[in-house]
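# Summary of the model geometry
Each chain, letter by letter, is given below.
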Amino acid sequence: MKMLLLVFRSTFNDEVLGILDGLKLPGYTETPRVYGTGALGRVFDSHAWPGYNSMVLSAMSESDTKRVAAAMKEFLDSRAEEGEQVPISIFAVPCEQLL
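Given the structure is predicted, the values throughout are model-derived calculations rather than measurements. (Residues numbered from 1 in each chain as written. Predicted model: local features only at pLDDT ≥ 70, side-chain atom pairs only at ≥ 80, totals over all residues. Heavy atoms only, no water.)

It is worth spelling out helix α2 (residues 62-81) at this point. Because the α-helix completes a turn every 3.6 residues, residues three or four places apart line up on one side. Helix length check: α2, at 20 residues, gives a terminal C-alpha distance of 29 Å against a target of 28 Å (1.5 Å per residue), a fit within 8%. Buried within α2 we find Asp-64, Thr-65, Val-68, Ala-71, Met-72, Phe-75 and Arg-79. Buried residues along α2 cover an arc of 135° about the axis, so they all sit on one side. Among the exposed residues of α2, those pointing more than 90 degrees away from its buried face are Lys-66, Glu-74 and Glu-81. Gly-83 sits one or two positions beyond α2 and adopts a positive phi of about 80°. (Helix = DSSP H or I, 4+ residues; strand = E, 2+ residues; numbered from the N terminus. Expected span 1.5 Å × (residues − 1). Buried < 20%, exposed > 50% of the residue type's maximum accessible area, 1.4 Å probe, protein only. Arc of directions from axis to C-beta.)

The structure is reproduced here in structure tokens:
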């Protein structure tokens, strides 16, 4: 089992969550307002650094992890064809359910 962590600019909430819903995953948890610094700059929802990110956590099988990664890559590639950068990071770490 893997814990998938997605961090992305909140302006892409509808698209990313729509992709996840379309994959019929067993479930996920969304944290709608997170701040930080990444490859495309800082986001702290302030005058100096406007905007914020969203974060999604989901425990899933190895095969679901691969499906999510492939779907997100397809989304990124389609946006890149339009000349748009999508700030999104995806991480997978081993996960063991205790309860």
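Considering the arrangement of structural elements, one finds Asn-13 in helix α1 (residues 13-22). Residue class for Asn-13 comes out buried when judged on its relative accessible area of 18%.

Within the secondary structure, Lys-2 sits in strand β1 (residues 2-9). When the C-alpha positions of Lys-2 and Gln-97 are compared, they lie 10.0 Å apart, and in sequence the two are 95 residues distant. With residues near it in sequence (within four places) discarded, Lys-2 still touches Ser-58, Ala-59, Met-60, Glu-62, Thr-65, Ala-92, Val-93, Pro-94 and Cys-95. (Contact = heavy atoms within 4.5 Å.)

Counting across every chain of the model gives six salt bridges. Note that Glu-62 is salt-bridged to Lys-2, the shortest N-O span being 3.9 Å. In this pair, Glu-62 is assigned in helix α2 and Lys-2 in strand β1, connecting sequence segments 60 residues apart. For Glu-84, the salt bridge goes to Arg-79, with nearest N and O atoms at 2.6 Å. Taking the relative accessible area as the measure of exposure, Glu-84 reaches 30% and is therefore partly exposed. The class of Arg-79 is buried, set by a relative accessible area of 15%. (Salt bridge = Lys/Arg side-chain N within 4 Å of Asp/Glu carboxyl O.)

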